[in-house]
Amino acid sequence: MQQGIIKKLIKKNEAIAALLCIFLVIVLTIKSDIFWDGRNLHSLQVSIAPTAMIAFGMMFLLICGYFDMSVGSTMLLSAIVAGKLTMMGVPVPAVILVTLCVGLVMGCINGYLVSILGINALIATLGMQYVGYGAAMLLWNEVRTLQAFDDAYIMLGDGEFGGLYVMTWVLIAMIIIFSLFLRFTSKGKSLYYVGGNKEAAKLIGLNDKRILFLAYAATGVLASLAAVFRSAYVHKPTQYMGDGIHMTCFIACVVGGGSFAGGKGSVVGAVLGVIFMSLLTNMFNLLEMSPELQNIVVGIILVLVITMDGYMNIKKLREQGKI
């Protein structure tokens, strides 16, 4: 019965996100002559794929009822570490492996602070955001002279197959794998149980602390993976990589059906939310909207999605007689 309700909610939220994306596509088709231009579509791929990878991790956390403010600095630090290793002459496979380990360490620290020590997720991950950014800036002066990554590394960003970038094919594979994980494995379903009712999860023997710890670790690795693809596309790390991406992922995940109260969300919803945000940014650029107006629109969307999320959670609690 409970699983049936979850599936209905997921389908409903995914449908709303899909309709929003279709609406923006129609607007851009009408208002812009270059929306369907090949270069613009390639730009959308580069915007969607790395952001969606981080959004997967953020959605896992939201399903558990938590979030991560440090994904942007994790992405930045990972890209700069990759640049430093390249300057040291480290082989590309080792560069990628160590870069992913950077995210793993950041994620594990977040997981330890939140799940084991019980520190508030906002405080813990905001603190790690500053730690990650500070560490990145310490290395930046050593990396800023890097002209470009090795060709094999750059192929991860520039490489194409069948008209799609390598990162897009990786994203498609991740959508399939993570969707199957959430819907058909006990560990995936345990995220919903932990987020929906922690006490009930404990009663049926689920270790909520371990599950949350692993969710944070996975989020860190996914942020580093996004850094690999994004930095490979621009051929070198930049000091602005990951700037504001945590807010983009927040909005995308809630638009796609996630909730700050936990217990709901899906991989497809996260992707649709990211597509919506990428189309919105694309609209800003193609229609040459001023930065001030862009901030107003994004701010309104953020307030709306959080308000709607809060309203739905209060309504749910009233129906359950808890308030």
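Below, the structure is looked at part by part. (Residues numbered from 1 in each chain as written. Predicted model: local features only at pLDDT ≥ 70, side-chain atom pairs only at ≥ 80, totals over all residues. Heavy atoms only, no water.)

Looking now at the nonpolar core. Ile54, Phe56, Met58, Tyr153 and Met283 are the most contacted members of the largest nonpolar core, which has 94 residues in total. Of all the elements, helix α2 (residues 38–64) adds the most residues to this core, at 16 residues. If sequence neighbours within four positions are ignored, Ile54 has contacts with Val71, Met75, Leu222, Ala223, Ala226, Ile245 and Cys249. (Core = buried A, V, L, I, M, F, W, Y, C linked by side-chain atoms within 4.5 Å. Buried < 20%, exposed > 50% of the residue type's maximum accessible area, 1.4 Å probe, protein only. Helix = DSSP H or I, 4+ residues; strand = E, 2+ residues; numbered from the N terminus. Contact = heavy atoms within 4.5 Å.)

This next bit is on the pattern of salt bridges. Tallied over the entire structure, the rule returns three salt bridges. Across the pair Arg183 and Glu14 runs a salt bridge whose closest N-O atoms are separated by 3.9 Å. One end of the pair, Arg183, is in helix α7 (residues 166–184); the other, Glu14, is in helix α1 (residues 2–31), with 169 residues separating them in the sequence. Judged by its relative accessible area of 37%, Arg183 is partly exposed. Judged by relative accessible area, which is 13%, Glu14 ranks as buried. In this structure, Asp37 engages Arg39 in a salt bridge whose closest nitrogen and oxygen atoms are separated by 3.3 Å. Judged by its relative accessible area of 29%, Asp37 falls in the partly exposed class. (Salt bridge = Lys/Arg side-chain N within 4 Å of Asp/Glu carboxyl O.)

Scanning all chains against the criterion turns up zero disulfides. The closest cysteine sulfur to the non-disulfide-bonded Cys21 is located on Cys253, 13 Å from its own sulfur. Cys101 supplies the cysteine sulfur nearest to Cys108, a cysteine that is in no disulfide, at a spacing of 9.9 Å. (Disulfide = S-S within 2.5 Å.)

Here we take up the packing of aromatic side chains. The full count for this structure, using the stated rule, is 10 aromatic pairs. Ring centres of Phe250 and Phe260 lie 5.9 Å apart, and the angle between their planes is 55°; on these two criteria the pair is classed as tilted. Highlighted residues: Phe250 in helix α11 (residues 245–255) and Phe260 in the loop between α11 and α12 (267–286), separated in sequence by 10 residues. When its relative accessible area of 6% is taken as the criterion, Phe250 is described as buried. Three or more aromatic residues link up through ring pairs in this structure, and these residues are Phe56, Phe60, Phe178 and Phe181. (Phe/Tyr/Trp six-rings, centres within 6.5 Å; stacked < 30°, edge-to-face > 60°.)

Its location among the elements puts Leu214 in helix α10 (residues 208–234). In this structure the C-alpha to C-alpha distance between Leu214 and Cys108, which are 106 residues apart in sequence, comes to 7.7 Å.

Helix length check: helix α3 (residues 71–87), at 17 residues, gives a terminal C-alpha distance of 25 Å against a target of 24 Å (1.5 Å per residue), a fit within 8%. The element α3 is extensively covered by neighbouring structure, given that 15 of its 17 residues are classed as buried. The first or second residue beyond α3 is Gly89, which carries a positive phi of 85°. (Expected span 1.5 Å × (residues − 1).)

A separate point is the environment of Thr168. With respect to the secondary-structure elements, Thr168 resides in helix α7. On the accessibility criterion, Thr168 (11% relative accessible area) is buried. Through-space distance from the C-alpha of Thr168 to that of Pro50 is 8.7 Å; in sequence the pair is 118 residues apart. Leaving out residues up to four positions away in the same chain, Thr168 has contacts with Gln45 and Ala49. Of the polar contacts made by the side chain of Thr168, one reaches the side chain of Gln45; its length is 2.7 Å. (Polar contact = N/O pair within 3.5 Å; in protein donor to acceptor, adjacent residues only side chain to side chain.)

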